[in-house]
Amino acid sequence: MPTEAEARENATVRLVAGDQDVTDAAGRTWRAYRGYEGRATLERVDRGRIDFRDPDLVDIVARGVQDVYVPVQAKGEYTVRVLAGPPQAGGSGDDPRVPSGKAGHKRGRGADPAPTQTAPTEPGDTVPVQGSAAAGRGEPVAVGEPDPNASPATEPGPEPSSEPTTGGGSGAPPSTTPQSQWVFLEGRPMAAPMTSNGNAVLEQAYTVQIDDGSLDLQLFAPSGTTFISAVEVAPAEPSSAPTATATSSPSSTSSAPAPTPSGAAAASDGPSSPVPLPEATKPTPTSTTAPAGTTSQNTTAVPFGPGNPFTTKIPEKAEIDPRTDALTKNLVAQVAERYSGVAGFNAYQYNMSLWVAEPGTKKVDVKWNNCQGKAGADPDYFDGTGIFKGVPVPADAQPATGTDGAMSIWDPTTDQLWDFWVMRKDSQGQWEACHGGRIDHVSQSTGQFPGWYGTSASGLAMAGTAITPAEARSGRIQHALNVGLSYTKAGEHVWPAVRNDGNTPGDLQIPEGTRFRVKRSVNVDALPMSRLGKDIVRAAQEYGVLVVDTSDGVALSAAAGKAEKAQTGVDPWDDLLQGKNPMEGFPWDQVEFLPPGWGAPTTK
């Protein structure tokens, strides 16, 4: 039986920037964290500038990082230690711990397009979230319920380089201008910022309650770029007092103002620019004939029309893409890259919150929140189609947890579906959103938002592929599933996607809209998976999995349990998941890809 100290050490997670593990002066191993690639620039700091007991922990600085996700083993109070080397890199030479040349991925909503009405950034990507602490990126449920008025965490500014560098050359002299960055844990700002004059190694400790299986650490720099070298997450000692706790505003002694609801917040969650950028189109009904597959009855969270891509069954002897082995190898490698090789299952955050407008629901005009500093609102938000006008928002509605703040509203009476991104209430209690879309005559539609509207990067309605708590209870999922991948093919998408935020060139990269399935030969009952996990595999065999987003890691998204919790006071996913990730044991190496555009209907 381990002692309390041994158990605490076994539950501690230590991560360090770079390609190689590091052993500190106490003999403890800090695991190399590869998740910065493509989202940050890794720079080696001149060792002569480092006056620190463990220089190997801070001699690489990841600049431009916005999100770090750290799995923990159980709910509880944790001490989080954040280390950062001097933020101005210098020195020369190569460091084997700094990866070179890999075309990295960016966080889905990271790129802010030019401020023109033709390019609203596309709120596309999911954040990988795993169901159990032991599995990896836990099922985030955040600390308590999120404040629907809370500001999304978005960081404007230049896109981080996808080509990590070693900071070679002599480097510029260290800056003496103080640099500050705010640390957000579980979506809440810490009372003390990290501030450096460009020379000192930063070390700051915080205490936070984690209830969702993983720590969500976000950084926000009011000016300049964020910087981090290592992070340690350890169960808090029972007698330890927090050094800095979650608070709604910084202490009065802070050297920099805290982010406010009207300013940028902690994470880069602006949607990526859709590629290509189509001309504005109106949300008009689409009539199609059935594709080459069997369309089952409407079993999605929202009923869509004939020929929709969600409820189309894949024939047992369907044509298979001749590149399937290479594509499967790509997919398996992406899964293995993050979170101990287990894909995420977003049931608590970075998913969508679905609300049904009952007859008589008060209709409101949703204000436009210019969270990305555009030149002006899209003309169809309030004029033309009027997407943001007359929206039946239920009185108890809440957006999904996470900086995306995604919310879907279905009005069966008018046969309309809205998807909103960064949906929240302002200080006056009025609803506002940064982007959105509407599908009219949804029961006749294929669930594809026209143009750049909607919230997924692919333009597919989130309600078409999200697993609902009711489905999880029933043991039967009768529609295609969604997945976000770290790397998707740049500049290309296939039906049913109508756009993309692909980030990686290459003939064997996977475009958004691609459908793959688990091979029919897989014996689902024999898989080492939970009951829900096996239900997911069966749906993947029968209907397939659609690539809908570029993500921070491979993850499926479910519908949030907020609407049910509003009625019962209990999040249904707590009981359905029991703290476990249903994606553990998923047979990624036993999938096969359908040809590009498989199942595309013929327009009448």
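Residues numbered from 1 in each chain as written. Predicted model: local features only at pLDDT ≥ 70, side-chain atom pairs only at ≥ 80, totals over all residues. Heavy atoms only, no water.

Q: Go over the overall build of the protein chain with me, naming the residues and quoting the values.
A: Within the protein chain one finds 8 helices and 31 strands. Relative to its 604 residues, the protein chain shows a buried fraction of 60%. Of the roughly 21800 Å² of accessible surface on the protein chain, a fraction of 50% belongs to carbon and sulfur atoms. (Helix = DSSP H or I, 4+ residues; strand = E, 2+ residues; numbered from the N terminus. Buried < 20%, exposed > 50% of the residue type's maximum accessible area, 1.4 Å probe, protein only. Areas by Shrake-Rupley, 256 points an atom, 1.4 Å probe, with all protein chains shown as cover.)

Q: Please set out the sheet that holds strand S11 (residues 202-210) residue by residue, giving values where relevant.
A: The strand order S2-S3-S1-S14-S7-S11 describes an open sheet built from 6 strands, whose pairing is mixed. At either margin of the open sheet sits one strand with a lone partner, and together these are strand S2 (22-23) and S11. Relative to strand S3 (residues 29-33), S2 is paired through 2 bridges, and the arrangement is antiparallel. What sits directly across from Thr23, in S3, is Thr29. (Pairing = 2+ DSSP bridges.)

Q: So what about the nonpolar core? Which residues, and what values?
A: Counting 42 residues, the largest nonpolar core has Val80, Leu185, Leu215, Leu217, Val231 and Val233 as the members making the most contacts within it. With near-sequence residues (within four places) excluded, Val233 lies in contact with Ala11, Thr12, Val13, Val70, Val72, Tyr78, Thr79, Val80, Ile210 and Leu215. Within the second largest apolar cluster, 38 residues are counted, among which are Ala347, Leu485, Leu532 and Val545. (Core = buried A, V, L, I, M, F, W, Y, C linked by side-chain atoms within 4.5 Å. Contact = heavy atoms within 4.5 Å.)

Q: Describe the sheet that holds strand S23 (residues 416-421), listing the residues and the values that go with them.
A: Strand order in the open sheet made by the 4 strands is S18-S22-S23-S26, with mixed pairing throughout. Of all strands in the sheet, those bounded by a partner on one side alone are strand S18 (353-356) and strand S26 (435-440). This sheet shows a mean twist of 15° between the axes of neighbouring strands, independent of strand direction. As defined by bridge partners, strand S22 (residues 407-411) adjoins S23 across 5 bridges and the pair is classed as antiparallel. Residue pairing across strands places Met407 opposite Phe420, the latter belonging to S23. (Axes fitted to C-alpha atoms, helices over the stretch in contact; angles between N-to-C directions.)

Q: Give me the lowdown on the state of the cysteines, citing residues and values where you can.
A: Under the criterion given, the structure shown has 1 disulfide. A sulfur-sulfur distance of 2.2 Å marks the disulfide that ties Cys371 to Cys434. Its torsion about the S-S bond being -85°, the disulfide of Cys371 and Cys434 is classed as left-handed. Of the two residues, Cys371 is situated in the loop between strand S20 (367-368) and helix H4 (379-382) and Cys434 in the loop between strand S25 (431-433) and S26; the sequence distance between them amounts to 63 residues. Summarising the burial analysis for this pair, Cys371 and Cys434 share the class buried. (Disulfide = S-S within 2.5 Å.)

Q: Which residues make up the confidence of the model for the protein chain, and what values do they have?
A: Overall, the predicted model of the protein chain reaches an average pLDDT of 76, with 70% of residues at or above 70. For residues 124-178, every residue scores under 50 in pLDDT, and the model assigns this stretch 227 contacts once sequence neighbours within four places are set aside. (pLDDT = per-residue confidence, 0-100.)

Q: How would you summarise the pairing of strand S1 (residues 13-17) if you had to cite specific residues and measurements?
A: The element S1 is extensively covered by neighbouring structure, given that 5 of its 5 residues are classed as buried. Pairing analysis gives 4 bridges linking S1 to strand S14 (residues 230-235), with the strands arranged antiparallel. Paired with Val13 across the bridge in S14 is Val233. Where S1 meets S3, 3 bridges bridge the pair, whose relative direction is parallel. Bridging from a neighbouring strand, Val16 pairs with Ala32 of S3.

Q: An account of the environment of Ile210 is needed here, citing residue identities and associated values.
A: Structurally, Ile210 can be placed in strand S11. When residues no more than four places from it in sequence are discounted, the contact partners of Ile210 are Val72, Ala74, Lys75, Gly76, Tyr78, Glu186, Leu215 and Val233.

Q: Break down unusual backbone geometry for me, with residues and values.
A: The bulk of non-glycine residues show a negative phi, and the bulk of peptide bonds are trans. Here Trp495 and Pro496 are connected by a cis peptide whose omega angle stands at 15°. Among the secondary structure elements, Pro496 is positioned in the loop between strand S27 (481-485) and strand S28 (515-518). Its identity is not glycine, yet Tyr350 carries a phi of approximately 50°, on the positive side. Position of Tyr350 among the secondary structure elements: in the loop between strand S17 (344-346) and S18. On the basis of relative accessible area, Tyr350 is assigned to the buried category, the value being 2%. Within the chain, His441 stands out as a residue other than glycine whose phi angle is a positive 50°. Mapped onto the elements, His441 comes out in the loop between S26 and helix H5 (469-474).

Q: Explain helix H3 (residues 324-337) residue by residue, including any values.
A: In a regular helix each residue adds 1.5 Å, so 14 residues correspond to 20 Å; H3 covers 20 Å between its end C-alpha atoms and thus fits that length. For H3, every residue scored as buried is listed here: Thr324, Leu327, Thr328, Asn330, Leu331, Gln334 and Val335. Down the axis of H3, the smallest arc covering the buried residues is 155°, so these residues share one side. Structural note: H3 exposes Asp325, Lys329 and Ala336 on the side pointing more than 90 degrees away from its buried face. Each element contacted by the buried residues of H3 is listed here: S27, S28 and strand S31 (591-593). Phi turns positive one or two residues past the end of H3, at Tyr339, with a value near 55°. (Expected span 1.5 Å × (residues − 1). Arc of directions from axis to C-beta.)

Q: Go over the pattern of salt bridges with me, naming the residues and quoting the values.
A: Under the definition given, this model contains 21 salt bridges. A salt bridge links Glu232 to Arg81; the shortest N-O distance between them is 3.2 Å. Pair noted here: Glu232 is in strand S14 and Arg81 is in strand S7 (residues 76-84), with a separation of 151 residues, a long-range link. Just as Glu232 is buried, Arg81 falls in that class too. Residue Glu492 pairs with Lys489 through a salt bridge whose shortest N-O separation is 3.2 Å. Exposure remark for Glu492: the relative accessible area of 31% places this residue in the partly exposed category. Here Lys489 falls in the buried class, since its relative accessible area comes to 14%. (Salt bridge = Lys/Arg side-chain N within 4 Å of Asp/Glu carboxyl O.)

Q: If you had to explain the packing of aromatic side chains to someone new, which residues and values would you point to?
A: In total, this model carries 11 aromatic pairs according to the counting rule given. Three or more aromatic residues joined by ring pairs form one cluster here, namely Trp368, Tyr381, Phe382, Phe388 and Phe420. (Phe/Tyr/Trp six-rings, centres within 6.5 Å; stacked < 30°, edge-to-face > 60°.)

Q: Break down the pairing of S23 for me, citing the residues and quoting the values.
A: Of all 6 residues that make up S23, 6 are buried, and the element is covered over most of its length. Burial along S23 is two-sided: the residues Gln416, Trp418 and Phe420 and Leu417, Asp419 and Trp421 are all buried. The turn linking S22 back onto S23 is made up of 4 residues, and Asp415 within it adopts a positive phi angle of 60°. In the sheet, S23 pairs with S26 via 6 bridges, with the strands oriented antiparallel. Residue Leu417 lies in a different strand from S26, and its bridge partner there is Ile439.

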